[in-house]
Amino acid sequence: MKEFELINRYFKGRGISRRDVNVGIGDDCALVTVPENCQLAVTTDTLVAGVHFFDDIAPRALGHRALAVNLSDLAAMGAEPTWISVALTLPSIDVEWLEEFTEGMHEIAEYFNVQIIGGDTTQGPLTITICAKGIVPQGKALRRSGAKVGDWVYVTGPLGDAGLAIEARKQGIKIAPEYLSYVNQRFDYPTPRVAAGQMLRGLASAAIDISDGLVADLGHVLAMSQVSACIDVNKIPTSDAMRATLDPNQQLPFILNYGDDYELLFTVPDSNKSMLEVKLQQYGVDAACIGQIKSGEGQIELMLDGEKLAYEHTGFEHFTKESV
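Residues numbered from 1 in each chain as written. Predicted model: local features only at pLDDT ≥ 70, side-chain atom pairs only at ≥ 80, totals over all residues. Heavy atoms only, no water.

So, on to the nonpolar core. Grouped together as the largest cluster of nonpolar side chains are 52 residues, with contacts concentrated most on L62, I84, M105, I128, F266 and L276. The dominant element in this core, judged by the number of residues it contributes, is helix α2 (residues 59-76), at 10 residues. The residues contacting L276, other than those within four sequence positions of it, are Y154, M199, L200, L203, F266 and V268. Of all hydrophobic cores here, the second largest spans 40 residues; its members include F187, V227, I255 and I300. (Core = buried A, V, L, I, M, F, W, Y, C linked by side-chain atoms within 4.5 Å. Buried < 20%, exposed > 50% of the residue type's maximum accessible area, 1.4 Å probe, protein only. Helix = DSSP H or I, 4+ residues; strand = E, 2+ residues; numbered from the N terminus. Contact = heavy atoms within 4.5 Å.)

Given below as structure tokens:
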């Protein structure tokens, strides 16, 4: 199978067709129409075998994951996902692998009404680069730079589950069979919080998705907003799997430092807190208030059982830490 046969078989004509796509796969560029009074949100992520995913990951899960992590960035901006470009580098053409990989990709794209409009294929070490585009009403995008002193800090769901899956696969910890499937699902098939991100437009002052770990990603918000934060570790949501597997002290690196959970971390002014609670119920979104923004220059004060917690503030960063 040659390059263009691969594109025609697995990408062209598959998946949904959006009316705002004027020219899709097959020309030198795709052409799309951005709605009036909207801004275009664009994000790009690269996933490399052995760095972002295990070599033995199921190809369907990899197809899902590759899109999901990009859609999560759009969710963090409050954007509606619309179009995707895919650059796929393969060691060789494996028809069975490609069928499963693209099926996983098309499934999540269809769920979020996203059209794959182009990209590239080439030969080399397994690498997937996704450029995801979305739209957001003019001036309504959520950013990292809007947190203010007194704002409340929220997170949309349990943290640390992806870290459990990673350590289980490295044989660093043992997880009971009844929880192993759940944590593997959380790592292989992350759920981008797209609806939550759009719900937060006009309510949240800042937002980010948790890809590199709670402390690291909160740090990005604090740096951009030029504020500090106090976080009550006891209020950080965790899953049944986490609580059954590790004691509270052992959980700390997972809920504070591990990434790949792709929950949203966001801040809300006190004046919007009551409306937020109404919207959370209305939209069926789970979110927990875990702290508050304070004055300062990027410091994170962690409180555990009413006392300050001395803890190394780390998170995933390329070129400094080992891969998965």
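Let us look at the pattern of salt bridges. Applying the stated criterion across every chain, the model contains 14 salt bridges. Between R14 and E99 there is a salt bridge, and its shortest N-O distance comes to 3.9 Å. Of the two residues, R14 sits in the loop between α1 (3-10) and β1 (21-23) while E99 sits in helix α3 (residues 95-111), which places them 85 residues apart along the sequence. Residue E99 is classed as partly exposed on the basis of its relative accessible area, which comes to 34%. The partner of E103 in a salt bridge is R14, and the shortest N-O contact between them spans 2.9 Å. In this pair, E103 is assigned in helix α3 and R14 in the loop between α1 and β1, connecting sequence segments 89 residues apart. Residues participating in the shared-partner salt-bridge network are D161, R186, R193, D261 and E263. (Salt bridge = Lys/Arg side-chain N within 4 Å of Asp/Glu carboxyl O.)

Attention now moves to the pairing of strand β10 (residues 264-268). Along any regular strand, the residues point their side chains to alternate faces of the sheet. Among the 5 residues of β10, 5 are classified as buried, and the element is accordingly described as predominantly covered. What you see with β10 is no split at all: L264, F266 and V268 on one side and L265 and T267 on the other are buried throughout. Here strand β7 (residues 152-155) pairs with β10 via 4 bridges, running antiparallel. Of the residues in β10, the one forming a bridge with Y154 is F266. Both strand β8 (residues 206-209) and β10 contribute to a ladder of 4 bridges, which runs antiparallel. (Pairing = 2+ DSSP bridges.)

Now for the sheet that holds strand β9 (residues 228-232). The sheet built from 7 strands is open, its strands ordered β8-β10-β7-β11-β9-β12-β13 with mixed pairing. For this open sheet the edge positions go to β8 and β13 (307-308), each flanked by a neighbour on one side alone. Along the sheet face, helix α7 (residues 214-225) touches β8, β9, β10, β11 (288-294) and β12 (300-304) and points at about 145° away from the line of β8. (Axes fitted to C-alpha atoms, helices over the stretch in contact; angles between N-to-C directions.)

We now examine the environment of L218. Here L218 is to be found in helix α7. Remark: the alpha-carbon pair of L218 and G306, spanning 88 residues in sequence, is separated by 21 Å. Not counting residues within four places of it along the chain, the set of residues in contact with L218 comprises A229, I231, L265 and I300.

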